Amino acid sequence: MLSKTYDPLKKKRLEILSPEGKVTKPNLMPKIELETIRKWYETMVFARVADQKALQYQRQGRMLTYAPSIGQEAASLGAVVATEERDWLVPAFRELAAWLHKGAPLEKLFLYWYGNEAGSLLPASVRMLPISVPIASQFTHAVGLGMAIRYEEKDEVVLAFCGDGGTSQGEFHEALNFAGVFQAPVIFVIQNNQFAISVSRRDQTRSETLAQKAVAYGIPGIQVDGNDLFAMVAATQEAVARARAGEGPTLIEAVTYRLGPHTTSDDPSIYRSDEEVEAWKEKDPILRLKRYLLSKKALSEEEDQQLYKDFEEEINVIFSQVESSESPDLEEVFSYTYDSLTPTLKKQLETAKQFLGGGE
Ligand SMILES: Cc1ncc(C[n+]2csc(CCOP(=O)(O)OP(=O)(O)O)c2C)c(N)n1
Ligand SMILES: [Mg+2]
């Protein structure tokens, strides 16, 4: 069992694909067709280009705000590909590659950051919750979903994400404890991208790893190289199998790096060095997978360049549709959380109507 071999208290980290693009542990390599790996690579590149374009749109004054996932594509994609269509995804807000794999249209996610409420209304066929802003609330939502699945005796699991900063929130601990006690079928992934806005990982907790927090809750935990797609797949496959067999939750710490800013209103050069960023660029998950695919002759430099060009065009079209989309009625902002409006929501809606109508 990986979570036993890679006991987080022994400070071990699972890595299968080296930064040079070589499989260093063939015995742990998940069985995946080369064609499928190539498809996943394309999803990661699409997410990267979408992030880069979104940052540009924002600088051009065309996008409200944006939180890019640049550098973290393997952490979310590697986890989600180990789940099935019937399983649930509960994202934080830096899992674009996973959203795309799950079938959430990029248009919806752009709408969200554009400030259009319609961005939170995902197609019913996509088993994914919309973005929830309060840090680590994703984990308690995931446990709720997991408990509902157990109650209804369904063969489904929940994959949930939060950040390294999220591990300091009460909801993180409540969720892990509850899931451990009741053996909820949830895979918790911490995207440890080394920062919570400007707060570095070492200022977040005295724990040597974030994975070891699983120990306190009596559940398996494992630290994984989050920039290694194959390691993420292997660790998540094992966690999914356990959850599906009724053996409860797992905590996965994906060690990665936020190559971009926290959001478009952040300037990371104030709190971290260029050298640090450059060192992490060598461990870029896309570069690593590209090197692997090139060595297997499953991708050429020309094809790779073409991918970037094609995706840029496709994304520009999607964004122009977002720019010309209409805002939904104000009522819609209030009408989805509960079956019917609560007294507080009714009051808020009235206030919002007055405010938008110019007040009295
Ligand atoms: C409960 C709560 N407190 C504060 C914020 C403001 N906030 C948004 S993102 C963020 C940092 C989150 O860091 P981390 O969990 O590491 O995720 P990352 O942004 O690195 O993906 C903070 C403090 C919030 N959204 N929710
Ligand atoms: Mg973080």
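The structure we're discussing is the one just above.
Calculation rules
- Residues numbered from 1 in each chain as written.
- Chains lettered and ligands numbered in written order.
- Predicted model: local features only at pLDDT ≥ 70, side-chain atom pairs only at ≥ 80, totals over all residues.
- Heavy atoms only, no water.
- Near = heavy atom within 4 Å.
- Polar contact = N/O pair within 3.5 Å; in protein donor to acceptor, adjacent residues only side chain to side chain.
- Areas by Shrake-Rupley, 256 points an atom, 1.4 Å probe, with all protein chains shown as cover.
- Nonpolar A, V, L, I, M, F, W, Y, C, P; charged D, E, K, R; others polar.
- Core = buried A, V, L, I, M, F, W, Y, C linked by side-chain atoms within 4.5 Å.
- Buried < 20%, exposed > 50% of the residue type's maximum accessible area, 1.4 Å probe, protein only.
- Helix = DSSP H or I, 4+ residues; strand = E, 2+ residues; numbered from the N terminus.
- Contact = heavy atoms within 4.5 Å.
- Axes fitted to C-alpha atoms, helices over the stretch in contact; angles between N-to-C directions.
- Parallel < 35°, antiparallel > 145°, perpendicular 65-115°, else oblique.
- Left-handed = near helix turned anticlockwise from the far one by under 90°.
- Salt bridge = Lys/Arg side-chain N within 4 Å of Asp/Glu carboxyl O.
- Donors = N, O, S within 2.8 Å, 3.2 Å for Na, K, Ca; no water.

Our focus in this paragraph is the site of ligand 1. The environment of ligand 1 is formed by 15 residues, the closest being Arg94, Asp164, Gly165, Asn193 and Phe195. Phe195 places a main-chain nitrogen or oxygen 2.8 Å from an oxygen atom of ligand 1. For ligand 1, whose free accessible area comes to 580 Å², the fraction covered by protein is 71%. In the shell around ligand 1, the residues fall into seven nonpolar, six polar and two charged.

With that settled, the discussion passes to the nonpolar core. Formed by 84 residues in total, the largest nonpolar core has its most connected members in Leu14, Phe110 and Phe230. Per element, the largest residue contribution to this core is 12 residues, and it comes from helix α2 (residues 34-59). Look past the residues within four positions of Leu14 in its chain and what remains in contact with it is Leu2, Tyr6, Leu28, Ile222, Gln223, Val224, Asp225, Ala231, Ala234 and Ala235. Counting residues in each nonpolar core, the second largest holds 22 residues, with Phe139, Leu210, Ala214 and Ile219 among its members.

Following both chains from N to C, one finds α2 and helix α11 (residues 285-295) inclined at 150°, their axes separated by 10 Å at the closest point. Compared by their axis directions, α2 and α11 come out roughly antiparallel. When the axes of α2 and α11 are compared, the crossing they make is left-handed. For the pair α2 and α11, the contacting residues are Leu34, Ile37, Arg38, Tyr41, Met44, Val45 and Arg48 in the first and Pro285, Ile286, Leu289, Lys290, Tyr292 and Leu293 in the second. Of the residues assigned to the contact of α2 with α11, the class counts are 10 nonpolar, no polar and three charged.

Below, the discussion takes up the pattern of salt bridges. Two side chains of opposite charge can pair, provided their charged atoms sit close to one another. For the structure on display, the rule yields 19 salt bridges. Glu152 serves as the salt-bridge partner of Lys154, at 2.9 Å between the closest nitrogen and oxygen. Linking Lys290 and Asp304 is a salt bridge whose minimum nitrogen-to-oxygen distance equals 3.1 Å. Placement of the pair is Lys290 in helix α11 and Asp304 in helix α12 (residues 301-323), with a sequence separation of 14 residues. A relative accessible area of 16% places Lys290 in the buried class.

Protein-derived ligands of the magnesium ion (ligand 2) are Asp164 (OD), Asn193 (OD1) and Phe195 (O), with the metal-ligand distances lying across 2.0 to 2.1 Å. Exposure remark for Asn193: the relative accessible area of 5% places this residue in the buried category. Look at Phe195 and you get buried, because its relative accessible area is 7%.

In short, the description is geometric, and any link to function would need to be established separately.
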